[in-house]
Amino acid sequence: MNKKNNKCQFQERVIDYIEGLLDAQHKSIFEAHLKECEVCQKELSAIKKIYAMMDNDEVVIPAEEVFVKMKNRVRQQEIVLKRPLWKIWSILIPALGVLVFVLLFNRQKEQSLEISVPIFSLSQDKYFNVLLLERIIDNNIVSQFNILEEYFTEDVEQGLKDLTTDEQQKFIEIITEKYGEKYL
Amino acid sequence: MRQNIMNDEDLLLVRRYKNGDEKAFDSLFEMYKHPVYSICYRYVRNEADAQELMLEVFTKVYRNLRRFNERSKFFTWLYRITINTCISFKRKSHEELEIDSSIPNPEERNLMLKKAIDDALAKLPGRQKMAFILRHYEGYTFDEIGEIMGISSGAAKANHFQAIRKLRILLKDWI
């Protein structure tokens, strides 16, 4: 019935039949067809064998300790994922604190050198030598000072007045560049 | 009925975990470790890959459980993670089981059959294979399979039927 080249129009219904997807009416119609159709009988037999083969294909569940280890690894992996954030912040915050402190400290140190050594005092040799000996100023400043020295007399104010306008301007530029405007 | 009880229990555990109860995750793991492992094993057909997959699945669950919005059932969410993890899994090379087909004693025959099933399942497209696993081994309805796989019930059924059709052809020598 309905056979053509070993095919049957109801062949596709075999899986529905095995899976219990046919309603009562269609099931009885199909069962009646099945009694007469060799193609569907073969198909039913073949698919039932496939199902049986697959049923025998069992999963061997691993030992309990495998699952225990796995559960621990799940948490460890999560900790590994979380840890860098904590680590980064726990390291970064103190590191930033130290960096800020060092920068501020160094900045204050530089400022204190400039504040404690006014140019007027440097014009007096005795102060200058003391500062040099105590390493408050270094040779670089000494060489800079030598450049400036020619502009100084015992009386700085008088010395400045003796300078020409160009010399005064140059002097102001050198002092400004090296020590800032506040000492002028 | 059992599924409803399971859903209620799942939901309670999920909420307990969200409220900081770490042991609730342990309970969920205990409840679903075997089904998840079975799905993974049936998909990849070897223990090492199945364990690796399961670890990946539960790591994803552990990481995202607090964000689980409870719009779907927990097991649907869990199985969807499992399926997506399985389908996107790149199989590592494993030593192929060498079988001498000239010695057809029962033990060898079983090994040959197992290899034939392995080979046949390996040739199925991921979604067809997963639909077959969920229907045949886990016993879910096509509606549930559709929900888990994020496809329609009809598509789930079509995937399952295609899987059987292909298995029928691939395993014809064993029928």
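Below you will find a few notes about this structure. This is a predicted model, so every value here is computed, not measured.

With respect to the interface of chain B and chain A
- Counting residues at the interface gives 26 residues for chain B, matched by 19 residues for chain A.
- For the side of chain B that touches chain A, the secondary structure elements donating two or more residues are α2 (22-44), α3 (47-64), α5 (106-122) and α8 (153-170) of chain B.
- A per-class count over the side of chain B that touches chain A returns 15 nonpolar, 5 polar and 6 charged.

As for the packing of helix α4 (residues 74-87) of chain B against helix α7 (residues 142-149) of chain B
Residues and elements named next belong to chain B.
- Two numbers describe how α4 lies on α7: the axes approach to 8 Å, and their chain directions differ by 65 degrees. Crossing geometry of α4 relative to α7 is assigned as right-handed. For the pair formed by α4 and α7, the contact residues are Thr 76, Tyr 79, Arg 80 and Ile 83 on the first element and Glu 147, Ile 148 and Met 149 on the second.
- A class-by-class count of the residues in the contact of α4 with α7 yields 4 nonpolar, 1 polar and 2 charged.

Examining α8 of chain B
Residues and elements named next belong to chain B.
- Taking 1.5 Å as the rise per residue, α8 with 18 residues should run 26 Å; its terminal C-alpha atoms sit 26 Å apart, in good agreement.
- Turning to α8, its buried residues are Ala 156, Lys 157, Asn 159, His 160, Ala 163, Ile 164 and Leu 167. In a view along the axis of α8, the buried residues occupy a sector of 160 degrees, so they form one face of it. Exposed and oriented more than 90 degrees from the buried face of α8 are Gly 154 and Ile 169.

The rules we used
Residues numbered from 1 in each chain as written. Chains lettered and ligands numbered in written order. Predicted model: local features only at pLDDT ≥ 70, side-chain atom pairs only at ≥ 80, totals over all residues. Contact = placed C-beta atoms within 7 Å. Helix = DSSP H or I, 4+ residues; strand = E, 2+ residues; numbered from the N terminus. Nonpolar A, V, L, I, M, F, W, Y, C, P; charged D, E, K, R; others polar. Axes fitted to C-alpha atoms, helices over the stretch in contact; angles between N-to-C directions. Left-handed = near helix turned anticlockwise from the far one by under 90°. Expected span 1.5 Å × (residues − 1). Buried ≥ 20, exposed ≤ 12 C-beta atoms within 10 Å, placed from the backbone. Arc of directions from axis to C-beta.

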